[in-house]
Amino acid sequence: HPGVKMDFFVTGRVPFRLTAQTSQRDNQLKYQSIAYGMIILMSMVLFRGIVAVGIVAAAPFLGVFWTLGFVRYLNLQMNPFIDVVLPILVALVAFTDGVHLMVQIRHERASGLNGLAAAREGVRKVGLACFLTSLTTAVGFGSLALANHELVRDFGYCCVFGVGLAFLSVVLAIPLACSTWLGQRIHIGYGKGYVDRNINRIGGVIELVLRYPRRMSAVGILLSLVLLSISLTLRPDDRRGDLLPSYTEPAIANKKMDVAMGGLSQATITVRWDRSTNEKTSDIELFQILQEIDELLTQEEMIGHPISIYNLLEALPGAGPAATRISMLDLLPPPLKRSYYNPGNKVAQVKFRVQDLGIAVYGPVFQRIQDGANEIISDYPNFSIALSGAPIWRWENIYQIVVDLATSLGTAAIIIFIILAFVYKSLRIGIISILPNLFPLCVAATYLAWTGQALEIVTVCAFTCCLGIAVDDTIHFLTRYVEEKKETSDESEAIRKAFTSVGTALIMTTLVLVCGFMTVMLSEAREHRIFASMGAITVSSALFGDLVFLPAILKTFPGKKRR
């Protein structure tokens, strides 16, 4: 019929899932390839040597390979957090530690040591910091094992093993490769890279920080508190439509139908009654309950088209309340009647539609419905009531998942503080480590708040990964600072030497990771773009915190001077 102007769209549960899976697979393959290619290219530019890049890349590759094998052995690979987030977390932790170790080994080789001696010296100087980064990350995110949701608990267990395997891949693969013929020329180009040549210019930042440490510390603390207060305004949310790119056929159809039909998702209020209840009495009370539930749902503007056996009877011809026309139920087609009323099983259902506006919007609505339904049923002791359906499940479970992940971040920060205080035998160091780890997370959370976004599973997972990177950089700086303090009683000199030693690696890892994240921001998948933007912002602000606020606080609150 060429003369009929009509468009057709195919949608539904199966097309929706198939489109989401295809989009995720295509985007994941395409933009991960671009990101990894950009990371390798940037690493070659910064390291000025393809062999060094290959050796560094071997550590995250082995770490992820071993971790995925462990996951498959335990048959946990169907967990979305484990499938998507865990490999990224392991790769980033292994990559950042690997860069620090490689920079140190290249430095030792450039100073005249042979491959084996340089590898041994590199592990001696950087190995403790790598171990601490893995320990704090593993123990911190192992706190996810205490979560209420099974998916999050399994993710927590796998994080512990994954980060441990990442540490083994770094301290085994890189020194081993550097001590063989592969590492004979890794020091060529050392000191000639872009970062190496300009590290002295960046050193002016440290001099400025050391000149005004109290002001810098005050700015860092106050800024973090302000950003934290903004971050606390974020609320958990989840929308089903975010799984698809907006241009796909099911997404267009779902959006149009969602508005036209008052919602595509359906929720149910199920009413049950005791079998011992008198049948005539139960019918009268049941229709009174259904009428009150209908009035409760009608009051909610965001609820679409509540329907039950009460509404069907009300639609039939006749005068008087619907409860007085129970005998007319036999006029309804049996399949239709059984969908809402099954006296044999003593159950009746009220179904209503919900638009895809997010659980943050519908949370208060569902809570009011739950409270109102409980109040209604309290007057009928032989009846019980329950809410169910996909929107209700997402309200109860996804909210809890987000809360579990967010709680684990707080727990991780506390555990990291305790571990660092214990390892460095200094409460001062433990307290000082809080600010540079808190600051980047507050910056990223404030970005979400200012752009009108919410706490979703993808954003909290991004926080999880980026906290691991921020902790890595802080620990490497503090470890070198503690070592330099053993050699000199001058606080400023110890901070300068720590910056000179680890500053190159910190800047290199940040540049590489930001470039990798920025390429993923071109992805068509909304979740990929959010994860990438969060990663770039967090990693960049973590570098700023470690090179500006951390030295300022160390200078402002110096430790005890050696006698």
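For the structure itself, consult the block above.
Below, the structure is looked at part by part. (Residues numbered from 1 in each chain as written. Predicted model: local features only at pLDDT ≥ 70, side-chain atom pairs only at ≥ 80, totals over all residues. Heavy atoms only, no water.)

A word on the nonpolar core. Counting residues in hydrophobic clusters, the biggest one holds 96 residues, and the most contacted among them are Leu 86, Met 102, Ile 174, Phe 463, Phe 477, Phe 517 and Leu 554. Every residue in contact with Leu 554, bar those within four places of it in the chain, is listed here: Arg 428, Ile 429, Ile 432, Phe 477, Leu 478, Tyr 481, Glu 491 and Ile 495. With 39 residues, the next largest nonpolar core counts Leu 332, Tyr 340, Tyr 362 and Val 365 among its residues. (Core = buried A, V, L, I, M, F, W, Y, C linked by side-chain atoms within 4.5 Å. Buried < 20%, exposed > 50% of the residue type's maximum accessible area, 1.4 Å probe, protein only. Contact = heavy atoms within 4.5 Å.)

To continue, consider the pattern of salt bridges. Where charged atoms from two side chains of opposite charge come close, those side chains can pair. In total, this model carries ten salt bridges according to the counting rule given. A salt bridge links Glu 300 to Arg 368; its shortest N-O distance comes to 2.9 Å. Within this pair, whereas Glu 300 is found in the loop between helix 9 (279-298) and strand 2 (303-307), its partner Arg 368 is found in helix 12 (residues 359-377), the two being separated by 68 residues in sequence. The class for Glu 300 is buried, based on a relative accessible area of 12%. Under the relative-accessibility criterion, Arg 368 is labelled partly exposed at 43%. (Salt bridge = Lys/Arg side-chain N within 4 Å of Asp/Glu carboxyl O. Helix = DSSP H or I, 4+ residues; strand = E, 2+ residues; numbered from the N terminus.)

Within the secondary structure, His 476 is located in helix 16 (residues 457-485). For the pair formed by His 476 and Ser 501, sequence separation is 25 residues and the distance between their alpha carbons is 9.7 Å. With near-sequence residues (within four places) excluded, His 476 lies in contact with Asp 97, His 100, Val 126, Ala 129, Cys 130, Thr 133 and Val 502.

Before going further, it helps to examine the side chain of Ser 231. Along the polypeptide, Ser 231 turns up in helix 7 (residues 213-231). A distance of 2.7 Å separates a polar side-chain atom of Ser 231 from the backbone oxygen of Leu 227. (Polar contact = N/O pair within 3.5 Å; in protein donor to acceptor, adjacent residues only side chain to side chain.)

Attention now goes to the packing of helix 7 against helix 15 (residues 434-450). Closest axis-to-axis distance for the helix 7/helix 15 pair is 8 Å, and the angle between their directions is 40°. On the basis of the axis angle, helix 7 is oblique to helix 15. Relative to helix 15, helix 7 is oriented so that their crossing is left-handed. From helix 7, Gly 220, Ile 221, Leu 223, Ser 224, Leu 227, Leu 228, Ile 230 and Ser 231 reach across to helix 15, where they touch Leu 435, Phe 439, Cys 442, Val 443, Ala 445, Thr 446, Ala 449 and Trp 450. (Axes fitted to C-alpha atoms, helices over the stretch in contact; angles between N-to-C directions. Parallel < 35°, antiparallel > 145°, perpendicular 65-115°, else oblique. Left-handed = near helix turned anticlockwise from the far one by under 90°.)

Of note, Ala 462 is situated in helix 16. By relative accessible area, which is 1% here, Ala 462 ends up buried. For Ala 462 and Ala 444, which are 18 residues apart along the polypeptide, the C-alpha to C-alpha distance reads 9.6 Å. Sequence-distant contacts of Ala 462, defined by excluding residues within four places in its chain, comprise Phe 531 and Met 534.

Residues apart from glycine generally show negative phi values, whereas peptide bonds are mostly found in trans. The backbone of His 305 shows a phi angle near 50°, a positive value even though the residue is not glycine. Along the chain, His 305 turns up in strand 2. Positioned with a positive phi, Lys 425 is a non-glycine residue whose angle comes to about 55°. Structurally, Lys 425 can be placed in the loop between helix 13 (390-423) and helix 14 (427-432). Looking at Lys 425, the relative accessible area reads 76%, which means it is exposed.

This paragraph deals with helix 8 (residues 249-260). An ideal rise of 1.5 Å per residue puts 16 Å on twelve residues; helix 8 measures up with 17 Å between its terminal C-alpha atoms. Of all the positions in helix 8, only Pro 250, Ala 251, Ala 253, Asn 254 and Asp 258 are classed as buried. Down the axis of helix 8, the buried set is contained in an arc of 165°. They therefore lie on one face. Residues of helix 8 that are exposed and point over 90 degrees away from its buried face: Lys 255, Lys 256, Val 259 and Ala 260. A positive phi of about 75° marks Gly 262, the residue just after helix 8. (Expected span 1.5 Å × (residues − 1). Arc of directions from axis to C-beta.)

A cluster of nonpolar side chains, namely Ile 221, Leu 222, Leu 225, Leu 228, Leu 232, Leu 427, Ile 431, Ile 434 and Leu 438, defines an oily patch on the protein surface of about 810 Å² accessible area. Looking at the nonpolar patch, the elements that each hand over two or more residues are helix 7, helix 14 and helix 15. Relative to the elements of secondary structure, Ile 431 occurs in helix 14. (Patch = residues over 30% accessible without salt bridge, like charges linked within 9 Å, V, L, I, M, F, W, Y side chains within 5 Å. Areas by Shrake-Rupley, 256 points an atom, 1.4 Å probe, with all protein chains shown as cover.)

A few words on the packing of aromatic side chains. Ring pairs (aromatic) are described by centroid distance and by the angle formed between their planes. Under the criterion given, the structure shown has eleven aromatic pairs. Centre to centre, the rings of Tyr 362 and Phe 366 are 5.5 Å apart; their planes meet at 20°, and the pair counts as stacked. Placement of the pair is Tyr 362 and Phe 366 together in helix 12, with a separation of four residues, close to one helical turn. Accessibility assignment for this pair places Tyr 362 and Phe 366 in one class, buried. Plain terms: the ring middles of Phe 439 and Phe 544 are 6.3 Å apart, the flat faces sit at 40° to each other, and that makes the pair tilted. Of this pair, Phe 439 sits in helix 15 while Phe 544 sits in helix 18 (residues 526-556); the two residues are 105 residues apart in sequence, bridging distant segments of the chain. When its relative accessible area of 5% is taken as the criterion, Phe 439 is described as buried. Taken together through their ring pairs, the aromatic side chains of Trp 273, Tyr 341, Tyr 380 and Phe 383 make up a single cluster. Across the ring face of Tyr 340, the terminal group of Lys 351 is positioned such that the distance to the ring centre comes to 5.4 Å. (Phe/Tyr/Trp six-rings, centres within 6.5 Å; stacked < 30°, edge-to-face > 60°. Lys NZ or Arg CZ within 6 Å of the ring centre and 35° of its normal.)

This part is about helix 7. Taking 1.5 Å of rise per residue, 19 residues should cover 27 Å, and helix 7 covers 26 Å from first to last C-alpha, within 8% of that figure. Residues Pro 213, Ser 217, Gly 220, Ser 224, Leu 227 and Ser 231 constitute the buried set of helix 7. End-on view of helix 7: buried residues confined to an arc of 110°, all on one side of the axis. Those residues of helix 7 that are exposed and aimed more than 90 degrees away from the buried face are Arg 214, Arg 215, Leu 222 and Leu 225.

The next subject is the packing of helix 7 against helix 18. Any two packed helices are characterised by the angle at which their axes cross and by the distance between the axes. As a packed pair, helix 7 and helix 18 sit with axes 8 Å apart at the nearest point and diverge in direction by 125°. Of the possible angle classes, the one that applies to helix 7 and helix 18 is oblique. Relative to helix 18, helix 7 is oriented so that their crossing is left-handed. Touching Pro 213, Arg 214, Met 216, Ser 217, Val 219, Gly 220 and Leu 223 of helix 7 are Val 548, Phe 549, Ala 552, Ile 553, Lys 555 and Thr 556, all from helix 18. Split by residue class, the contact of helix 7 with helix 18 holds eight nonpolar, three polar and two charged. (Nonpolar A, V, L, I, M, F, W, Y, C, P; charged D, E, K, R; others polar.)

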